[in-house]
Amino acid sequence: MTQDEMKKAAGWAALQYVKKDTIVGVGTGSTVNHFIDALATMKDDIEGAVSSSEASTKKLIELGIEVFDLNSVDMIDVYVDGADEINDRMDMIKGGGAALTREKIVAAVAKQFICIVDNTKQVSILGEFPLPVEVIPMARSYVARELVKLGGDPVYRQGVVTDNGNVILDVYNMQILDPKVMETKINAIVGVVTNGLFANRGADVLLVGTPEGVKTVTL
């Protein structure tokens with residue numbers, strides 16, 4: 001089974017968590033694209049979706065799924081999204097696609113967070129994948145200096161502007177032993193919009209695509 005086939009298996013497996021007549025939170029990325037394809041098969045049974053990125057919104061609309069503004073929605077029953085890394089405590093690094101802020105907002109509103117990945121994304125310690133930090137443009141250099149103090153090597157992601165009009169610093173060489181504490185510390189730096197650690201609101205269910213099929217993990 002190829003990596004993409006494992007992603008597809010995880011994406012389609014998430015469909016079992018979608019209830020009829022609800023609004024579904026939809027994340028961003030290659031694995032989520034498979035979930036969107038699956039969601040389209042039951043588009044007449046759901047009210048619609050809230051999307052975490054312009055790219056996902058475009059795909060949802062193309063497949064005939066109504067997309068709601070989050071401000072018009074009180075509650076999301078389930079949010080389905082991928083991860084760049086996830087540990088055995090359901091803490092994640094996200095933001096490789098630069099949609100981390102909207103993803104974190106939608107995750108905060110959702111009753112249940114379903115993370116869908118292929119088995120290459122599982123790690124024991126977060127940090128091998130560089131940690132994305134969304135930053136207000138004028139604060140980029142200041143935030144970078146503060147991230148160095150926390151033990152990381154920040155690199156400006158050239159040519160990338162987020163859907164919110166901000167920039168991304170990718171933090172390399174940071175072993176993240178306490179993700180919740182590190183998430184809070186980085187978010188406290190003035191000029192940071194948010195960082196890609198999803199630990200204070202981690203996943204509730206993990207669906208892992210493997211060569212043997214989809215493995216379900218819960219805490």
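To be clear, the structure that these remarks concern was listed above.
What you see is a predicted model, and the numbers here were worked out from it, not measured in a lab. (Residues numbered from 1 in each chain as written. Predicted model: local features only at pLDDT ≥ 70, side-chain atom pairs only at ≥ 80, totals over all residues. Heavy atoms only, no water.)

(A) Molecular detail of the side chain of S52. Residue placement: S52 occurs in the loop between strand 2 (48-51) and helix 3 (54-62). Judged by relative accessible area, which is 0%, S52 ranks as buried. Those residues in contact with S52 that lie beyond four places of it in its chain are V26, G27, T28, Y79, A99, R102, E103 and V106. (Helix = DSSP H or I, 4+ residues; strand = E, 2+ residues; numbered from the N terminus. Buried < 20%, exposed > 50% of the residue type's maximum accessible area, 1.4 Å probe, protein only. Contact = heavy atoms within 4.5 Å.)

(B) A nonpolar patch on the surface, seen in detail. On the surface, I136, M138 and V193 cluster together into a nonpolar patch covering about 310 Å² of accessible area. Mapped onto the secondary structure, I136 falls in the loop between strand 7 (131-135) and helix 5 (140-149). On the basis of relative accessibility, which here comes to 37%, the residue I136 falls in the partly exposed class. (Patch = residues over 30% accessible without salt bridge, like charges linked within 9 Å, V, L, I, M, F, W, Y side chains within 5 Å. Areas by Shrake-Rupley, 256 points an atom, 1.4 Å probe, with all protein chains shown as cover. Salt bridge = Lys/Arg side-chain N within 4 Å of Asp/Glu carboxyl O.)

(C) Representation of the nonpolar core in the model. Grouped together as the largest cluster of nonpolar side chains are 25 residues, with contacts concentrated most on V26, F35, L39, I114 and I116. Elements supplying a minimum of two residues to this core: helix 1 (3-13), strand 1 (23-26), helix 2 (30-39), strand 3 (76-81), strand 6 (110-118) and strand 12 (205-210). At five residues, the largest contribution of residues to this core is made by helix 2. Leave out the neighbours within four places in its chain, and V26 touches V32, F35, I36, L39, A49, V50, S51, S52, L60, Y79 and V80. (Core = buried A, V, L, I, M, F, W, Y, C linked by side-chain atoms within 4.5 Å.)

(D) Expanded view of the packing of helix 1 against helix 2. For the pair helix 1 and helix 2, interaxial distance at closest approach is 8 Å and the crossing angle is 50°. Relative to helix 2, the element helix 1 lies oblique. The way helix 1 lies across helix 2 gives a crossing that is right-handed. Contacts between helix 1 and helix 2 involve D4, K7, K8, G11 and W12 from the former and S30, T31, H34, F35, D37 and A38 from the latter. Considering only residue class, the contact of helix 1 with helix 2 consists of three nonpolar, four polar and four charged. (Axes fitted to C-alpha atoms, helices over the stretch in contact; angles between N-to-C directions. Parallel < 35°, antiparallel > 145°, perpendicular 65-115°, else oblique. Left-handed = near helix turned anticlockwise from the far one by under 90°. Nonpolar A, V, L, I, M, F, W, Y, C, P; charged D, E, K, R; others polar.)

(E) Representation of the sheet that holds strand 9 (residues 167-172) within the structure. Taken together, the four strands give an open sheet; going across it, the order is 8-9-7-10, and neighbouring strands pair in antiparallel fashion. Either end of the sheet is taken by a strand with one partner, and the two such strands are strand 8 (153-156) and strand 10 (192-195). Here the average twist between neighbouring strands, direction ignored, is 30°. Pairing analysis gives four bridges linking strand 8 to strand 9, with the strands arranged antiparallel. For Y156, the partnering residue across the bridge sits in strand 9 and is L169. Docked against the sheet, helix 4 (residues 100-109) engages strand 7, strand 9 and strand 10, running at close to 70° with respect to strand 10. On top of the sheet, helix 5 reaches strand 7, strand 8, strand 9 and strand 10; it is set at about 15° to strand 9, its chief contact. (Pairing = 2+ DSSP bridges.)

(F) Quick look at helix 5. For helix 5, the complete set of buried residues consists of V143, A144, E146 and L147. Buried residues of helix 5, viewed axially, fall in a sector of 165°; they line one side. Away from its buried face by more than 90 degrees, helix 5 exposes R145 and K149. On its buried face, helix 5 is in contact with strand 7, strand 8, strand 9, helix 6 (179-187) and strand 10. In the stretch just after helix 5, G151 is the one whose phi turns positive, near 100°. (Arc of directions from axis to C-beta.)

(G) Here's a closer look at the sheet that holds strand 12. Spatial ordering of the open sheet is given by 2-1-3-6-12-13, a layout of six strands whose pairing is mixed. The open sheet has two edge strands with one neighbour each: strand 2 and strand 13 (213-218). Between one strand and the next, the sheet's axes are offset by a mean angle of 25°, whatever the strand orientation. Pairing of strand 6 with strand 12, which is carried by five bridges, proceeds in the parallel orientation. Paired with D118 across the strands is G209, a residue of strand 12. Where helix 2 meets the sheet, it contacts strand 1, strand 3 and strand 6, and its direction lies at approximately 160° from that of strand 1.

It is worth stressing that arrangement in space is one thing and function is another; only the former is reported here.
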